[in-house]
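Results of the structural survey
Letter by letter, the chains look like this.
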Amino acid sequence: FWTGKLDVSFDWYNNTTQNLIVGRVPTGIEPQVFQPSINLGEMTNKGIDLSVSHRNQVGDFQYDITWIFSHYKNEVTDIDGNPETFIGRGGDRIGEIARTKSGQPISSWWGYEIDENDRFFDDQAELDALDQPDAVVGAWKYVDQNGDGVIDGNDQTWLGNPHPDFVTSLNLDFRWRNFDLSFFMVWNKGGDLFNNVRYFTDWRVFVGGVSPRVLYDAWEPGADNSNATNPRLAPGAESGYTPFNSTSNSFYVEDGSFFRGRTLQFGYNFSPALISKAGISNLRVYFQAQNFFTITNYTGSDPDITIQGGSDLLMGHDNGRFPTMAQYLVGLNISL
């Protein structure tokens, strides 16, 4: 539009992928041997991609603005022709944390849901009211999903999935005379991450590296525990840690939304008339910053997590990978 000043691109897609290669699901009565990879999965991805670019020049000032928006919905539609078949995946020192099953997004989180309305067992009367094995006063209280008064495997449920609600980015490029400035930002909204690192920082399974949450955010007897996140701090099995630290639950699942400044670059090109006497045809100095700020509520080291270990059956699994580094560079470009 407007003689090239405005470009708009819109894509809508409904893609079905068949014959996905996954490990064969054993029957449960056969020997525990290596399972071959077979073609048995099918999934759909429905979404939109929108790009809007505007460029213009007003006198010596030029600008180029590009906005990109992407949204998709993933759903597994078939596994081996059986709607009850699922592919489970375990975490690092934690039991099954994710399931891929028909009707759900791939790599959906699975486990017990902590009751956010009544997070802890505050006294013996609450322990007696709900049959939750191994629970102690000051331990988490799980949601009784089927209402039978007993917490067991039937109360495990879907805890979220790593697929974002949308991803959008904004790229700004400004030029005025010999100066130039570019700025690239990304906003990832939604997508739940499994923070497996909390196993090592919030349970005393190793010496050192313990989060302050263990001390300052733990349940305390007789205190206002409305802001507490962790079970009570106590020695050994009395704390209730043993039955909970290796069990997948909603404590590990966090919102992975983030807003990040990817790149900022500010440069200056010296006038040819000024540098030609030195035998230089082009001279440019610049300052560049990468990943220089991130706004997020995620408690892990980096919310920008892609597929780990080459398996999309564990998307969004944070097992302690090295975070994206912030970098600050000063550069000089010279052409003779």
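Rules used throughout
Residues numbered from 1 in each chain as written. Predicted model: local features only at pLDDT ≥ 70, side-chain atom pairs only at ≥ 80, totals over all residues. Heavy atoms only, no water. Helix = DSSP H or I, 4+ residues; strand = E, 2+ residues; numbered from the N terminus. Buried < 20%, exposed > 50% of the residue type's maximum accessible area, 1.4 Å probe, protein only. Contact = heavy atoms within 4.5 Å. Pairing = 2+ DSSP bridges. Axes fitted to C-alpha atoms, helices over the stretch in contact; angles between N-to-C directions. Core = buried A, V, L, I, M, F, W, Y, C linked by side-chain atoms within 4.5 Å. Salt bridge = Lys/Arg side-chain N within 4 Å of Asp/Glu carboxyl O. Patch = residues over 30% accessible without salt bridge, like charges linked within 9 Å, V, L, I, M, F, W, Y side chains within 5 Å. Areas by Shrake-Rupley, 256 points an atom, 1.4 Å probe, with all protein chains shown as cover.

Looking at the environment of D92
Tracing the chain through its elements places D92 in the loop between β4 (86–90) and β5 (96–101). Judged by its relative accessible area of 30%, D92 is partly exposed. Taking the C-alpha atoms as reference points, D92 and G103, separated by 11 residues in sequence, lie 26 Å from one another. What D92 contacts, discounting residues up to four positions off in sequence, is N196, F200 and H317.

Remarks on the pairing of strand β2 (residues 37–58)
The side chains of a regular strand alternate, first on one face of the sheet and then on the other. Bridge count between β2 and strand β3 (residues 61–79): 18 bridges; the pairing is antiparallel. The partner of V58 across the bridge, within β3, is F61. Linking β2 to β3, which pair antiparallel, is a turn of 2 residues; within it G59 sits at a positive phi near 65 degrees.

What about the sheet that holds β5?
As summarised here, the arrangement of the 4 strands in space is β4-β5-β6-β7, forming an open sheet in which the pairing is antiparallel. Looking at strand neighbours, the two that pair on one side only are β4 and β7 (157–160), the edges of this open sheet. The average angle at which neighbouring strand axes cross in this sheet is 40 degrees, direction not considered.

Structural notes on the nonpolar core
Nonpolar side chains in soluble globular proteins generally cluster together in the buried interior. Core analysis: the biggest nonpolar cluster contains 25 residues, and I97, W109, W140, F194 and Y252 have the highest contact counts within it. Those residues in contact with F194 that sit more than four places away from it in its chain are I94, I97, W109, S248, Y252, V253, G316, H317 and D318.

Section: the pattern of salt bridges
In this structure the tally under the stated criterion is 17 salt bridges. A salt bridge links R260 to D304; the nearest nitrogen and oxygen atoms lie 3.8 Å apart. Taken as a pair, R260 in strand β12 (residues 258–269) and D304 in the loop between β13 (282–296) and β14 (317–318) lie far apart in primary sequence, 44 residues in all. Both residues of the pair, R260 and D304, belong to the buried class. The partner of R262 in a salt bridge is D304, with the nearest N and O atoms 2.9 Å apart. Of the two residues, R262 sits in strand β12 while D304 sits in the loop between β13 and β14, which places them 42 residues apart along the sequence. On the basis of relative accessible area, D304 is assigned to the buried category, the value being 17%. The network of salt bridges with shared partners includes R260, R262, D302, D304 and R321.

Comments concerning unusual backbone geometry
One non-glycine residue, D80, lies in positive phi territory at about 60 degrees. Checked against the element boundaries, D80 lands in the loop between β3 and β4. Judged by relative accessible area, which is 53%, D80 ranks as exposed. With a phi angle near 65 degrees, R93 is a residue other than glycine that sits in the positive phi range. Here R93 shows up in the loop between β4 and β5.

A few points about a nonpolar patch on the surface
Taken together, the side chains of V58, F61, W176, F179, L181 and F266 make up a nonpolar region of the molecular surface, amounting to roughly 530 Å² of accessible area. Looking at L181, the relative accessible area reads 33%, which means it is partly exposed.

Comments concerning the sheet that holds β14
Sheet architecture is open: 3 strands sit in the order β11-β10-β14, paired in mixed fashion. A strand with exactly one partner marks an edge of an open sheet, and here the two such strands are β11 (253–255) and β14. Taken together, the 3 bridges between strand β10 (residues 192–195) and β11 define a ladder with antiparallel strand orientation. In the strand pairing of β11, L193 is matched with E254.

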